[in-house]
Amino acid sequence: MDRPRVLSGIQPTADSFHLGNYLGAVRQWVAMQETHEAFYCVVDLHAITVNPAPEELRRRIRIAAAQLFAVGLDPDRCTVFVQSHVREHTELAWMLSCQTGMGEAARMTQFKDKAAKYGESAASVGLFTYPILMAADILLYQADQVPVGVDQKQHLELSRDLAQRFNTRFGQTFKVPNPYILKEVEKITDLQEPTAKMSKSSSSPQGILDLLEQPGPLRKKIMRAVTDTGTEVLADEENKPGVTNLLRIQSALSGTPIPELEARYAGQGYGTFKKDVAELVVDSFAPIRERTEKLLADEAELDKLLAAGAERARAVARETMAQVRDRMGFLPASS
Ligand code: AQP
């Protein structure tokens, strides 16, 4: 029986993924490789929207890929590849840009936030059109589901709109993808600013838990996480965002429901609770860090895995792109 398709991507914009990337997205990828025909990519073309130095980009692409295998993606169960190795992504992005209204693109809140941060004049056209490239990533693979954190919901809406518009205009071509967002982990927040998303680019080092970080700094950051002046370990988004974030983290990593955790720490204050969260995070990250280091020690082998993934991805992308060209009225290239 045909399995539903899943596609998702992650940017190589830092030297490590963080806990938000892991819980909000990548951990779902691992589970879905068992139930879906899965395509996962390191979206390096997205990463150049903020102009990394070439050496930095090269290093981070490999680190990102190594982490994906280290968290449990199995090249025999899913396809892991680097976006720029499949040229069809940029080709489809252009075709979809011509189907996207200026006003529609201008509504994307992530661009507005980032443009505000970098300054309107420093924000590139690429940063503006990034959601269209993301739509191309998804639609090329005819994905049924896209596991993401809630910050990507608006971009996924755009992908759905573009698929529907293209299908209406040129005939059925694309599957209309659905977001796959787990409510409990849809937004892991910054430890120092617990109402803001934990983010590679906007969190301060103290607010972010990196998957590849050593136990010492991880423990310190969790012990110093902003909570509130109270003492009760209770989930209360509005009045206790810091404690709620830590409870979500502990629940997601341990599989223990939040009410059970609340009962466990009743009357104990924040100290023991934070210590337990810290140990859990350290124990969860350590094997991932060790496997990542091993994978990075053999770049040739890592590159070989990525080449094999790109080959499989290309076969699917080529098929979709041939249909898109034909439906839009392009002539076949001479053979
Ligand atoms: N804090 C978060 N909580 C839950 N999910 C999150 N994701 C990111 N932050 C959180 C999800 O991780 C996946 C990969 O993210 P990305 O690399 O595409 O970039 P992003 O969403 O823009 O994440 P960052 O960390 O904020 O990166 P920068 O700073 O480079 O922009 C996505 O599915 C995302 O939803």
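Reading guide: rules and limits
Residues numbered from 1 in each chain as written. Predicted model: local features only at pLDDT ≥ 70, side-chain atom pairs only at ≥ 80, totals over all residues. Heavy atoms only, no water. 1 Å grid on protein atoms, 1.4 Å probe; cavity = no way out; pocket = protein on both sides within 12 Å on 5 of 7 lines; lining within 4 Å. Points joined across faces, edges and corners; volume = space filled by probe spheres on them. Helix = DSSP H or I, 4+ residues; strand = E, 2+ residues; numbered from the N terminus. Nonpolar A, V, L, I, M, F, W, Y, C, P; charged D, E, K, R; others polar. Near = heavy atom within 4 Å. Polar contact = N/O pair within 3.5 Å; in protein donor to acceptor, adjacent residues only side chain to side chain. Areas by Shrake-Rupley, 256 points an atom, 1.4 Å probe, with all protein chains shown as cover. Contact = heavy atoms within 4.5 Å. Expected span 1.5 Å × (residues − 1). Buried < 20%, exposed > 50% of the residue type's maximum accessible area, 1.4 Å probe, protein only. Phe/Tyr/Trp six-rings, centres within 6.5 Å; stacked < 30°, edge-to-face > 60°.

*Asks:* Describe in detail empty space enclosed by the protein, supporting the description with residues and values.
*Replies:* Applying the stated criterion across every chain yields a total of one cavity of 30 Å³ or more. Its volume calculated, the largest cavity comes out at about 50 Å³. In terms of lining residues, the largest cavity is bounded by Q110, F111, K114, L127, Y130, P131 and H155. Of all elements in the fold, only helix 6 (109–118) and helix 7 (125–140) reach the threshold of two or more residues within the lining of the largest cavity. Considering only residue class, the lining of the largest cavity consists of four nonpolar, two polar and one charged.

*Asks:* Could you give an account of the site of the ligand, naming the residues involved and the relevant values?
*Replies:* In the vicinity of the ligand, 23 residues are found, and the nearest of them are K114, D151, S199, K200 and S201. The side chain of D151 places a nitrogen or oxygen atom 2.5 Å from an oxygen atom of the ligand. One nitrogen or oxygen atom from the side chain of S199 is found 2.6 Å from an oxygen atom belonging to the ligand. Burial of the ligand by the surrounding chains reaches 98%, relative to a free accessible area of 640 Å². When contributions to the shell around the ligand are tallied by element, the ones reaching two or more residues are helix 1 (19–32) and helix 6. Looking at the shell around the ligand element by element, the count peaks at four residues for helix 1. Residue composition of the shell around the ligand, grouped by class: six nonpolar, 11 polar and six charged.

*Asks:* Could you give an account of the environment of L295, naming the residues involved and the relevant values?
*Replies:* On the secondary structure map, L295 appears in helix 12 (residues 270–296). Here the alpha-carbon distance between L295 and V316, two residues 21 residues apart in the chain, equals 27 Å. Sequence-distant contacts of L295, that is, excluding residues within four places in its chain, are made with A66, F69, A70 and L302.

*Asks:* Any chance you could break down helix 13 (residues 299–328) for me, citing the residues and the numbers?
*Replies:* For helix 13, with 30 residues, the first-to-last C-alpha span of 41 Å sits near the 44 Å given by 1.5 Å per residue. For helix 13, the set of buried residues is L302, L306, G309, A310, A313, V316, A317, T320, M321 and V324. Directly after helix 13, the chain includes G329, whose backbone phi takes a positive value near 100 degrees.

*Asks:* Summarise the side chain of H18; cite the residues concerned and give the values.
*Replies:* With respect to the element layout, H18 can be found in the loop between strand 1 (5–10) and helix 1. By relative accessible area, which is 3% here, H18 ends up buried. Here M198 takes part through its backbone oxygen, which lies 3.5 Å from a polar atom of the side chain of H18.

*Asks:* Requested: an account of the packing of aromatic side chains, with residues and values cited.
*Replies:* Under the criterion given, the structure shown has seven aromatic pairs. Grouping aromatic residues by their ring pairs yields a cluster made of F39, F81 and Y141.

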